[in-house]
Amino acid sequence: MKLILSHTKCSNCKAECILYFTSNYTYGERIVSTKCGKQCAYVNLLSENIVQELEKYCIELYLENRINISSNKLARIVSRIYGITCDDINGEKIDTISNTRCPNCLERKLVKDDNYGEQLADIEAFEVTHYSWEKLEDDVKKEKVYRELIRQGYLA
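Residues numbered from 1 in each chain as written. Predicted model: local features only at pLDDT ≥ 70, side-chain atom pairs only at ≥ 80, totals over all residues. Heavy atoms only, no water.

Chemist: Which residues make up the overall build of the chain, and what values do they have?
Modeler: Tallying secondary structure elements over the chain gives four helices and seven strands in all. Counted from the first residue to the last, the chain has its helices and strands arranged as β-β-β-β-α-α-β-β-β-α-α. The C-alpha radius of gyration computed for the chain amounts to 16 Å, which stays within 12% of the reference 15 Å derived for 156 residues, consistent with globular compactness. Considering only C-alpha atoms, the chain reaches an extent of 50 × 35 × 30 Å along its principal axes. Buried positions account for 39% of the 156 residues belonging to the chain. When contacts within the chain are restricted to residue pairs at least 6 apart in sequence, long-range pairs at least 24 apart make up 63% of them. As presented, the chain carries roughly 9,300 Å² of accessible surface, and 46% of it is formed by carbon and sulfur atoms. Averaging the coordinates of the 22 positive side-chain charges in the chain and doing the same for the 24 negative ones gives two points 7 Å apart. (Helix = DSSP H or I, 4+ residues; strand = E, 2+ residues; numbered from the N terminus. Rg over C-alpha atoms; globule rule 2.2 N^0.38 Å. Buried < 20%, exposed > 50% of the residue type's maximum accessible area, 1.4 Å probe, protein only. Contact = heavy atoms within 4.5 Å. Areas by Shrake-Rupley, 256 points an atom, 1.4 Å probe, with all protein chains shown as cover. Lys, Arg positive; Asp, Glu negative; His and termini not counted. Charge placed at Lys NZ, Arg CZ, Asp CG, Glu CD.)

Spelled out as C-alpha cells, the structure:
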C-alpha cells in the first residue's frame, strides 16, 4: 500500500515510533499499527461488526459507572481501544491509541521528526484479523474493554 509515514519521538520517555496515514481518505478504511509502528495493517471497518460490539461494551461500562457519554465521544473512544480486538502482527500487539499520545508512556508528548518529515512509501500492510477476540466469551471481552478504558484514562 502507498502510505504516508511520519517518524516521532516522545519528549517524555524518548520512545520512537512510526505513524502511518493513508494517502487518500476512504470512508470506513483505516491503517492500524503495532505499538512502535514497525508493522501496520489495513482494516475495512464497514465489513466487520467489531465497532458495534465495542460500543455495546463501552455503553454498558459507562452506565455501570453512572457516567453519561455522548455518541461523538463514544466513537472516538471506540476508535482508540479498537486495537485490543486485533490479532498480533508477527508477534507484536496492535495499539490504536490516539496518534497524539505516546504508545509507551501515554503522554501527549510526541514530537515529529522534522528531518524525516512526511514521506510517501510503499509499505507491506497486513490485513487485520480478530480470530483471538472472536473466541472469547462476552464477559472476558467486556473485562478487556474495561482494562483498556482504564489504561487509556477513559475510566478511573
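Next, the rest of the story.
Chemist: So what about the nonpolar core? Which residues, and what values?
Modeler: Nonpolar side chains tend toward joint burial in soluble globular proteins. Leu54, Cys58, Tyr82, Val145 and Leu149 are the most contacted members of the largest nonpolar core, which totals 23 residues. Listing elements by their share of this core, those giving two or more residues are strand S4 (40-44), helix H1 (50-64), helix H2 (71-81) and helix H4 (138-151). With six residues, the single largest contributor to this core is H1. Within the second largest apolar cluster, eight residues are counted, among which are Leu3, Ile31, Cys40 and Tyr42. (Core = buried A, V, L, I, M, F, W, Y, C linked by side-chain atoms within 4.5 Å.)

Chemist: Break down the pattern of salt bridges for me, citing the residues and quoting the values.
Modeler: Evaluated as defined, the whole model comprises nine salt bridges. Here Glu60 ties to Lys142 by a salt bridge, and the two come within 3.3 Å at their closest N and O atoms. Here Glu60 is found in helix H1, whereas its partner Lys142 is found in helix H4, with 82 residues between them in sequence. A salt bridge links Glu118 to Lys112; the shortest N-O distance between them is 3.7 Å. (Salt bridge = Lys/Arg side-chain N within 4 Å of Asp/Glu carboxyl O.)

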